[in-house]
Amino acid sequence: MIQTPKFQIYQGCDRKFHFRLKSTQQETLFVSEGFRTKAGAMRGIASLMHHARYQTSYYRRLNTNYRYYFVIKSRDGIVLGASQLYDSRKERETGMETVKKASQSCRVDDLT
């Protein structure tokens, strides 16, 4: 069976609904902020699908352990979520392109 990228909606330990974007190899590429409702998480997915197309939505970051990651923000500045951690800038750039492509054509699995 051929794996395709997918969004997964799940309920976290914080009792909020989150979504994550999984790659074709089932690696977690992107994790959302928490939403009070499942409908909110679905709207978050729609927002990510829209904003991931635009380079201006991506914000490059470096954490305190010198690992690279990025966040994606909506046009009004709301953080939609963050990527996994990367060891290099180049890997982060590749991750951004992967999220950009994968988020445009994938199904949603509800794990709640």
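Note that the coordinates shown come from a computational prediction; the quantities given were computed from them, not determined experimentally.

**Q** Let's hear about the packing of aromatic side chains: which residues, and what values?
**A** Scanning all chains against the criterion turns up five aromatic pairs. Taken together, the ring pairs in this structure connect Phe30, Tyr58, Phe70 and Tyr86 into an aromatic cluster. Directly above the ring of Tyr10 sits Arg20, whose terminal nitrogen or CZ lies 4.1 Å from the centroid. The ring of Tyr59 has Lys73 sitting right over it, with the charged end atom 4.6 Å from the ring centre.

**Q** So what's going on with the pattern of salt bridges? Which residues, and what values?
**A** Tallied over the entire structure, the rule returns six salt bridges. One salt bridge in this structure joins Arg107 and Asp109, with 3.0 Å as the shortest N-O distance. A relative accessible area of 19% places Asp109 in the buried class. Among the charged side chains, a network of salt bridges with common partners joins Lys6, Arg107 and Asp109.

**Q** An account of the side chain of Lys6 is requested, with residue identities and associated values reported.
**A** Take Lys6: it is sitting in strand β1 (residues 6-11). There is a polar contact of 3.4 Å between the side chain of Lys6 and the side chain of Gln26. Non-local contacts of Lys6, meaning those with residues more than four positions away in its chain, are made with Arg20, Leu21, Lys22, Gln26, Cys106, Arg107 and Asp109.

**Q** Tell me about helix α1 (residues 38-51), residues and numbers included.
**A** Its 14 residues place the ends of α1 20 Å apart at the C-alpha level, agreeing with the 20 Å of an ideal helix rising 1.5 Å per residue. Those residues of α1 that fall on the buried side of the exposure criterion are Gly40, Ala41, Gly44, Ile45, Ser47, Leu48 and His51. Angularly, the buried residues of α1 cover 165 degrees about the axis, an arc narrow enough to put them on a single face.

About the criteria used
Residues numbered from 1 in each chain as written. Predicted model: local features only at pLDDT ≥ 70, side-chain atom pairs only at ≥ 80, totals over all residues. Heavy atoms only, no water. Phe/Tyr/Trp six-rings, centres within 6.5 Å; stacked < 30°, edge-to-face > 60°. Lys NZ or Arg CZ within 6 Å of the ring centre and 35° of its normal. Salt bridge = Lys/Arg side-chain N within 4 Å of Asp/Glu carboxyl O. Buried < 20%, exposed > 50% of the residue type's maximum accessible area, 1.4 Å probe, protein only. Helix = DSSP H or I, 4+ residues; strand = E, 2+ residues; numbered from the N terminus. Polar contact = N/O pair within 3.5 Å; in protein donor to acceptor, adjacent residues only side chain to side chain. Contact = heavy atoms within 4.5 Å. Expected span 1.5 Å × (residues − 1). Arc of directions from axis to C-beta.

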